[in-house]
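This is what each chain is made of:
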Amino acid sequence: MAPRKTLIGTLARALMTQMSRRRLPKTKGTLTMPGLNAPVEVIRDRWGVPHIYAENKADLFFAQGFVHAQDRLFQMELNRRTAAGRLSEVFGELSLDTDRFVRTFGFNRLGRTDWEQAAPQVKDALKAYAAGVNAYIEHPHCKMPLELIMLRYEMETWQPEDSAIFSRLMIWQMSHAWQGELVRAEIAEKVGVERAAELDIHYPNSNPVTLPEGIEFNALDPDGNLRNVLGPFLARGKGSNEWVIAPQRSQTGHAVLANDIHLVLGIPSLWYEVHLNAPGYHVTGVSLPGLPMVLVGHNERIAWGLTLAFSDAEDLFVEQIDAQDPARYLYKDEWREAEIYEEEIQVKGVLEDFIERVVVTKHGPVISDRVGHQDQKVSVQSMSLQPVPALEGWYKINTAENWDDFVEAMRLIEAPQLNVAYADVEDNIGYWMTGKVPVRAKGDGCLPIPGWSGEYEWVGEVPFEEMPHVLNPARGFILNCNNKSTPNDYPHHLGNVWMNGYRARRLEELIEGREKISLKDHRDFQMDLKCIPGLEFVACLDGIPESDADVRMSLRLLRVWDGYLTPETIAGTLYEVARYTLVRELLIPGLGEELAFRLMGKGVHPLLAKAQELYGHDTTTLLRLLDDSQSWWVQQAGGREAVIQRVLKQAVNWLRENLD
């Protein structure tokens with residue numbers, strides 16, 4: 001049977017390959033498209049990137065929608081169905097849980113509100129973009145993707161609201177903090193508050209912050225000297241990877257911006273590179289199929305890059321729901337009526353629609369049933385679940401000409417929370433953290449809080465002018481690798497869920513290690529493989545007894561390791577397996593496997609939230625625990641020396657079994 005199965009598989013693959021090639025986009029010649037006001041030229045370069053030249057913005061966005069549909073129509077269809085909670089119409093009960101999750105958070109409702117409240121230029125862009133997508137869908141010479149043919153359904157026309165709804169899903173996925181609250185609460189319940197505190201996030205003191213000098217505004221004089229000036233909003237005071245280098249530190253003599261956006265890898269990529277050119281609108285960079293404009297890139301005057309800021313703009317509230325009437329909840333000693341949404345979900349193969357009953361309190365939607373916490377009713381309050389003019393912000397940054405225009409665009413991006421790096425043709429460099437951050441009447445947002453008392457409400461927001469930002473810092477560069485943004489004397493609480501800062505520390509070492517930075521240096525920085533926490537782990541091995549041959553060999557390899565995680569490294573591979581094994585040895589006995597993996601960053605949903613803000617902090621926790629021989633977590637694992645020896649031996653055995 002095996003040869004027959006192989007033959008069938010080979011034939012099927014060949015047939016699907018042939019069918020797919022027949023559906024490749026038309027990239028040469030002329031197409032006549034109803035809806036255009038004037039001719040549009042689309043030139044594909046040798047990498048397949050479309051360069052779109054139009055005589056007006058409406059035609060420009062029309063053409064962007066068309067080329068997105070040419071290359072990514074099935075991806076766009078999946079994204080809009082995911083965001084609207086309509087996957088079950090195509091995939092049946094398999095995707096019902098995802099649709100229920102999405103309908104509970106309400107991206108469809110939020111997107112429609114954003115569309116209704118959108119600025120005129122944003123509505124025009126979304127309409128033109130939708131018309132371009134539909135022109136592709138309806139054109140007789142354009143063939144539907146193979147996936148749609150195999151699923152046997154006709155694609156609906158694209159609506160401007162579809163783009164707005166999809167943008168809400170992206171905004172939510174780039175916002176962080178509430179998932180970690182659940183994990184912290186469960187750990188405290190499992191092992192007690194004191195032991196749980198040992199596992200909480202602690203930003204290493206040796207790792208850098210983005211604004212070590214606080215908020216700085218400076219101008220660049222014609223002679224190249226920096227002088228302190230007042231910024232457009234605030235006098236100087238306290239306050240994925242990106243960096244910006246000022247001209248005095250650059251070998252080119254001009255500002256340079258570098259950015260590597262760490263979002264989930266996929267085929268096809270989330271991003272789509274495009275060049276858009278029309279009178280009053282000339283920008284190039286990466287876009288999102290399903291949305292017009294460019295999200296990260298540069299125009300003729302400015303460039304910008306993004307990393308996730310990980311500021312805390314989300315809280316979980318434990319609600320007291322009336323057992324007799326689930327539409328009522330307690331707040332300040334009185335029963336209030338919740339908003340109720342009856343969400344109808346069509347399920348393929350099922351005669352009756354599924355009804356998801358969504359309850360929304362003053363804080364936000366009750367999500368506990370969807371995230372596995374049915375024992376308590378928990379709602380989430382999030383800046384990402386409020387109407388925001390973010391699309392207008394992206395429109396304005398696409399057309400910005402200088403720092404002041406850039407800042408006005410930042411003001412409109414009320415969610416998500418992002419670190420946005422800036423450079424311009426006048427050789428200014430800057431940075432601004434977007435996203436509103438709440439001011440809390442009480443508490444710090446680390447744990448779920450009582451929703452009925454009224455004591456923990458959001459009573460305001462950190463003023464926009466006081467959000468972390470800098471223009472032309474004296475040290476001549478700005479960097480962010482999702483690390484902590486501000487020094488400890490910054491006057492506002494932004495949370496404590498920053499990434500651990502080791503990437504930022506390595507990047508700072510590389511930048512400070514060169515008097516002038518070349519373009520090759522920037523490329524090399526992006527590809528640097530040195531692992532600082534790995535070397536700190538090796539430093540913890542001093543004094544470990546060489547109990548047997550495997551432990552002795554491990555210690556010998558690790559102690560001469562240069563810290564680089566190259567494909568050829570033996571010691572680096574040993575470190576990665578030993579680190580993972582040690583985390584399991586320390587956490588699982590006290591927490592159990594499921595909760596331990598959640599502490600390591602596992603998210604609440606395999607499609608929509610694969611990871612959360614605790615991801616990456618298990619390594620810093622491990623190093624901190626090994627430095628404390630009295631730690632309960634180390635003691636329950638058998639003591640520092642015993643657990644390290646055991647882990648090294650297990651790592652060697654695993655490598656022999658799997659990689660020999």
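Quick note: structure is the one above.
Note that the coordinates shown come from a computational prediction; the quantities given were computed from them, not determined experimentally.

Focus on the packing of helix α6 (residues 120-138) against helix α11 (residues 390-399)
Packing of α6 against α11 brings their axes to within 9 Å, and their N-to-C directions diverge by 90°. Overall, the two elements α6 and α11 adopt an arrangement that is roughly perpendicular. Contacts from Q121, V122 and L126 of α6 reach α11 at L391, E392, Y395 and K396. For the contact of α6 with α11, the per-class residue count stands at four nonpolar, one polar and two charged.

Details of the environment of V643
Turning to its location among the elements, V643 is positioned in helix α21 (residues 640-659). Since its relative accessible area comes to 0%, V643 is described here as buried. Separated by 199 residues in sequence, V643 and D444 have C-alpha atoms that sit 35 Å apart. Contacts of V643, omitting those with residues within four sequence positions, involve L582, E585 and A637.

Details of the packing of aromatic side chains
The full count for this structure, using the stated rule, is 19 aromatic pairs. Note on F107 and W172: the rings are 5.4 Å apart at their centroids and 50° apart in plane angle, and the pair reads as tilted. Of this pair, F107 sits in helix α5 (residues 107-117) while W172 sits in helix α8 (residues 160-173), and the two are 65 residues apart along the sequence. On the accessibility criterion, F107 (0% relative accessible area) is buried. Among the residues examined, W172 registers a relative accessible area of 4% and is labelled buried. A centroid spacing of 6.0 Å and a plane angle of 55° characterise the contact between W243 and F525, whose relative ring orientation is tilted. Within this pair, whereas W243 is found in strand β5 (residues 241-245), its partner F525 is found in helix α14 (residues 519-526), the two being separated by 282 residues in sequence. A network of ring pairs unites the aromatic residues F101, F105, F107, W172 and W178 as a single cluster.

Basis of the calculations
- For every chain, the first residue of its written sequence is number 1, and the numbers climb from 1 along that sequence.
- Restriction of local features to residues with pLDDT of at least 70 applies here, the model being predicted, together with a cutoff of 80 or more for giving and counting side-chain atom pairs; totals for whole chains, interfaces and linings are based on all residues.
- Heavy atoms throughout the structure, all of them, feed into the side-chain values; hydrogens and water do not.
- Note on geometry: axes are lines fitted to C-alpha atoms, helical ones only across the stretch in contact, with angles between N-to-C directions running from 0 to 180 degrees.
- Going along the chain from the N terminus, every DSSP run of H or I of four or more residues is numbered as a helix, and every run of E of two or more is numbered as a strand.
- Oblique is the label for any angle not covered by the other classes, which are roughly parallel (under 35 degrees), roughly antiparallel (over 145) and roughly perpendicular (65 to 115).
- Contact between two residues is taken to exist if any of their heavy atoms lie within 4.5 Å; hydrogens are not considered.
- Residue polarity follows a fixed list, in which Ala, Val, Leu, Ile, Met, Phe, Trp, Tyr, Cys and Pro are nonpolar, Asp, Glu, Lys and Arg are charged, and the others, Gly among them, are polar.
- Exposure categories follow from relative accessible area, calculated using a 1.4 Å probe and restricted to protein chains: below 20% of the type maximum is buried, above 50% is exposed, and the middle band is partly exposed.
- Only rings of Phe, Tyr and Trp enter the pairing, Trp through its six-membered ring, and a pair is recorded when the two centres are within 6.5 Å. The plane angle decides the type: under 30 degrees is stacked, over 60 is edge-to-face, the rest tilted.

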